[in-house]
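# Per-entry structural report
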Amino acid sequence: MTVYYTKEHEWVRVEGDEATVGITDFAQGQLGDVVFVEVPDAGRAVSKGGEAAVVESVKAASDVYAPVSGTIVTGNQALVDQPDLVNTDPEGEGWFFKLTLSDNHELGDLMDAAQYKAFCDSQ
Amino acid sequence: MSEPEKTLPLDQWHRARGARMVEFAGYAMPIQYEGIMAEHKWTREQAGLFDVSHMGQVIVAGAEAEKGLEALLPADLAILKDSKPKYSLLLTEDGGIIDDLMVTRRGDHFYLVVNGATKNGDIAHMESRLPRGAVLDHMKEQALLALQGPKAVDVLARLVPGVEDLTFMTAGAFTIAGVPAWISRSGYTGEDGYEISVPARAVEDIATLIADQPEVKPIGLGARDSLRLEAGLPLYGHDLDFSTTPVEADLVFALSKRRREEGGFPGWHRIARELADGPIRKRVGLAVEGRQPVREGAMVVDGEGNEVGKVTSGGFSPSTEAPIAMAYVPAAAAAPGASVLLSQRGKLFNAKVVPMPFVPHRYHRKGAPK
């Protein structure tokens, strides 16, 4: 299992050809109190950089982009009723969706934990 | 070109308390400390301290002050009692709103509090129109704090004996920590509370004294916005602007009876016509179905998708745990219970017109039990 990160502050946990995607602790801290999440339906094809989910805090609405291309396996329905899981456990119970990777090579464009930390520190 | 961001007297005070600072009205200001939701709820349950020193505090003095201000505002200043703040509006010749403000008679002069983002324009507007017998002074050395919430009275009475005897929309001169303060029982949250004008040189000590009380936490602009939205209070530059009239904005209470009948203030012709015939559109409160917030800029649409109005403020209400909004809708769709269709980023939302406030006001009105 490997965890990758994007400049859009998403994390991607890869196990085999399946990836789980969420937003990072840094991102939830920037957003503030999350009050609404819309996750994609199973079976939907998403392409890298395309809109995949919506997260709204008290302050503002943000899109969550697909960090890699693939087909949605499931969206985290728990977030519909408990959007604050994104704040309380962003890199655990607050995951957004799982997808089947269509191109493993796209992972090479993502950051590892050390690179992501350096990226956040530079923000 | 925008001017560089200015700092307020409490800038370092906010930063030392962990505030996240943003640019607002040309100043660096705290948007939040621990989080908007927690700060919002704390204010509704305890007492929140707000720094609103960006707002403009203005004195208009002189023999012609009353007459000069009546030519600019729709308020009946002739019958305005001393130390009783009154909500009023600066208006354009065609009835648009230049700003909303509070005006208080204080002995031989009037004290005005205007919005921060509009204060320089307001002052220029007033100075160019006031008669020679009225002198305007922008009190740049004065800071402004607001203490809001059900515990505000206990906190402030502990520090300033006597403030508990003020009722909603009354004010007076007091001393806090040895410093002269003008304190009114008023605010922008729908809760009981006070607004406290003190010299900028002393505001850090006074803010610390108040914030050290166990019922008090500092509150940022984020919660100030969600609190005022729940209270149904319009925000200038969003719910009110040059294109909205007081009648459209549902601010008829700010048009004093004598002034409505006699006129003599900018925009009276249009306002009198709208009072007689009804406005073509009206600011209303909306309860939005579902959980997703509908925000400023969303469209009000008809069944064919044509834009017939706009959302001017909107968000998630922490108190009711549901999305709420203010919008201008056609007069025919403005009655409570009317269904309204909203469009935001290509998605449609059902909403219902509801009476405002969304959360009941808890002001300490005259005659109410202590």
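Just so it is clear, the model here is predicted, and its values are computed rather than measured.

## Here we look at the domain arrangement of chain B
All names here are of chain B. If you check the domain split of chain B, you get domain 1 (11-53 + 141-230), domain 2 (57-122) and domain 3 (252-354). Here the C-alpha centre of domain 3 lies 30 Å away from the C-alpha centre of domain 1. Between domain 1 and domain 3, the contact holds 8 residues from the first and 10 residues from the second. Taken over both partners, the interface formed by domain 1 and domain 3 buries close to 700 Å², and the fraction arising from carbon and sulfur atoms is 66%. Viewed at the interface, domain 3 and domain 1 are joined by 0 salt bridges. Here domain 1 and domain 3 share 5 residue pairs in polar contact (both at pLDDT 80 or more) between them. Residue assignment for the side of domain 1 that touches domain 3 shows that the elements contributing at least two residues are helix H2 (36-45) and helix H7 (221-230).

## With respect to H2 of chain B
By the burial criterion, the buried members of H2 of chain B are Ile 36, Met 37, Glu 39, His 40, Thr 43 and Arg 44 of chain B. Taken together, the buried residues of H2 of chain B touch strand S4 (34-38) of chain A together with strand S2 (27-32), strand S3 (47-51), strand S9 (142-148), strand S13 (216-218) and H7 of chain B.

## Regarding the sheet that holds strand S5 (residues 86-91) of chain B
Residue and element names in this part refer to chain B. Taken together, 5 strands build an open sheet; the order of strands is S5-S6-S7-S4-S8 and the sheet is antiparallel. A single partner strand is all that each edge strand has here, and the edge strands are S5 and strand S8 (135-138). Taken pair by pair, the neighbouring strands of this sheet meet at an average axis angle of 30°, ignoring direction. Where strand S6 (residues 97-106) lies against strand S7 (residues 109-114), 6 bridges are found, and the strand directions are antiparallel. By the bridge assignment, Leu 101 is partnered in S7 with Val 114. Against the sheet, helix H4 (residues 119-129) engages strand S4 (56-61), S5, S6, S7 and S8, with an angle of about 165° to S8.

## Some remarks on the nonpolar core
What tends to happen in soluble globular proteins is that the nonpolar side chains get buried as a cluster. Core analysis: the largest hydrophobic core is formed by 35 residues, its most contacted members being Leu 147, Leu 156, Ile 183, Ile 196 and Ile 210 of chain B. At the level of elements, S3, S9, helix H5 (152-159), strand S10 (171-176), strand S11 (179-184), strand S12 (193-199) and helix H6 (203-211) of chain B are the ones that each hand at least two residues to this core. Contacts of Leu 147 of chain B, omitting those with residues within four sequence positions, involve Ala 47, Gly 48, Leu 49, Ala 152, Val 155, Leu 156, Asp 192, Gly 193, Tyr 194, Ile 196, Ile 210 and Val 216 of chain B. In terms of nonpolar packing, the next biggest core, distinct from the first, is built from 28 residues, Val 34, Ala 52, Ala 53 and Phe 96 of chain A among them.

## A short note on the pattern of salt bridges
Proximity of charged atoms lets side chains of opposite charge pair with each other. All names here are of chain B. Counted under the stated rule, the structure contains 24 salt bridges over all chains. Residue Asp 239 pairs with Arg 228 through a salt bridge whose shortest N-O separation is 2.8 Å. Remark: Arg 228 occurs in helix H7 and Asp 239 occurs in the loop between H7 and helix H8 (257-262); sequence separation between them is 11 residues. One exposure class covers both Asp 239 and Arg 228, and it is buried. A salt bridge links Glu 248 to Arg 281, with the shortest nitrogen-to-oxygen separation between them at 3.3 Å. Within this pair, whereas Glu 248 is found in the loop between H7 and H8, its partner Arg 281 is found in strand S14 (residues 281-288), the two being separated by 33 residues in sequence. There is no split in this pair, since Glu 248 and Arg 281 are both buried. Members of the salt-bridge network, linked through shared partners, are Glu 70, Asp 76, Arg 258, Arg 259 and Glu 262.

## Brief notes about the interface of chain B and chain A
Each side of the interface is counted separately: chain B has 14 residues, and chain A has 15 residues. Taking both sides of the interface into account, the surface hidden between chain B and chain A amounts to around 1200 Å²; carbon and sulfur atoms contribute 49%. Together, Arg 20, Arg 291 and Arg 295 of chain B form the three largest contributors to the area buried by chain B at its contact with chain A, with a combined 40%. For the pair chain B and chain A, the number of links is 3 salt bridges. With a shortest N-O distance of 2.8 Å, Glu 56 of chain A and Arg 295 of chain B are connected by a salt bridge. Across the chain B-chain A interface, the total number found is 14 residue pairs in polar contact (both at pLDDT 80 or more). Those elements giving two or more residues to the side of chain B that touches chain A turn out to be S2 and H2 of chain B. The greatest single-element share of the side of chain B that touches chain A, amounting to 3 residues, is contributed by H2 of chain B. The residue inventory of the side of chain B that touches chain A, partitioned by class, reads 6 nonpolar, 3 polar and 5 charged.

## Let's talk about H7 of chain B
All names here are of chain B. Counting buried residues in H7 gives 9 out of 10 residues, a clear majority hidden from the surface. Of the positions making up H7, those classed as buried are Leu 221, Gly 222, Ala 223, Arg 224, Ser 226, Leu 227, Arg 228, Leu 229 and Glu 230. On its buried side, H7 packs onto strand S1 (20-24), S2, H2, S3, strand S16 (307-317) and strand S17 (322-330). Positioned one or two residues after H7, Gly 232 has a phi angle of 75°, which is positive.

## Digging into unusual backbone geometry
All names here are of chain B. Geometrically, the link from Met 356 to Pro 357 is a cis peptide bond, its omega value of 5° lying close to zero. Relative to the helices and strands, Pro 357 is located in the segment after strand S19 (347-354). Its identity as a non-glycine residue notwithstanding, Ala 25 has a phi of 55°, on the positive side. Topologically, Ala 25 is positioned in the loop between S1 and S2. Positive phi, close to 50°, is recorded for Glu 321, a residue that is not glycine. Its location among the elements puts Glu 321 in the loop between S16 and S17. Residue Glu 321 is classed as exposed on the basis of its relative accessible area of 51%.

## A short note on the packing of aromatic side chains
Enumeration over the complete set of coordinates arrives at 5 aromatic pairs over all chains. For the pair Tyr 111 of chain B and Trp 182 of chain B, a centre-to-centre distance of 6.5 Å together with 70° between the ring planes defines the contact as edge-to-face. With Tyr 111 of chain B in strand S7 and Trp 182 of chain B in strand S11, this residue pair connects regions lying 71 residues apart in the sequence. Judged by relative accessible area, which is 5%, Tyr 111 of chain B ranks as buried. Each member of the aromatic cluster is reached from another via a ring pair, and the members are Tyr 5, Tyr 116 and Phe 119 of chain A. Cation over ring: Arg 106 of chain B sits above Tyr 111 of chain B, and NZ or CZ is 4.3 Å from the ring centre. Positioned above the aromatic ring of Tyr 328 of chain B, the side-chain terminus of Arg 281 of chain B is 4.6 Å from the ring centre.

Definitions and limits used
- Residues numbered from 1 in each chain as written.
- Chains lettered and ligands numbered in written order.
- Predicted model: local features only at pLDDT ≥ 70, side-chain atom pairs only at ≥ 80, totals over all residues.
- Heavy atoms only, no water.
- Domains from an automatic or database assignment.
- Contact = heavy atoms within 4.5 Å.
- Buried area = accessible area lost by both parts, 1.4 Å probe.
- Salt bridge = Lys/Arg side-chain N within 4 Å of Asp/Glu carboxyl O.
- Polar contact = N/O pair within 3.5 Å; in protein donor to acceptor, adjacent residues only side chain to side chain.
- Helix = DSSP H or I, 4+ residues; strand = E, 2+ residues; numbered from the N terminus.
- Buried < 20%, exposed > 50% of the residue type's maximum accessible area, 1.4 Å probe, protein only.
- Pairing = 2+ DSSP bridges.
- Axes fitted to C-alpha atoms, helices over the stretch in contact; angles between N-to-C directions.
- Core = buried A, V, L, I, M, F, W, Y, C linked by side-chain atoms within 4.5 Å.
- Nonpolar A, V, L, I, M, F, W, Y, C, P; charged D, E, K, R; others polar.
- Phe/Tyr/Trp six-rings, centres within 6.5 Å; stacked < 30°, edge-to-face > 60°.
- Lys NZ or Arg CZ within 6 Å of the ring centre and 35° of its normal.

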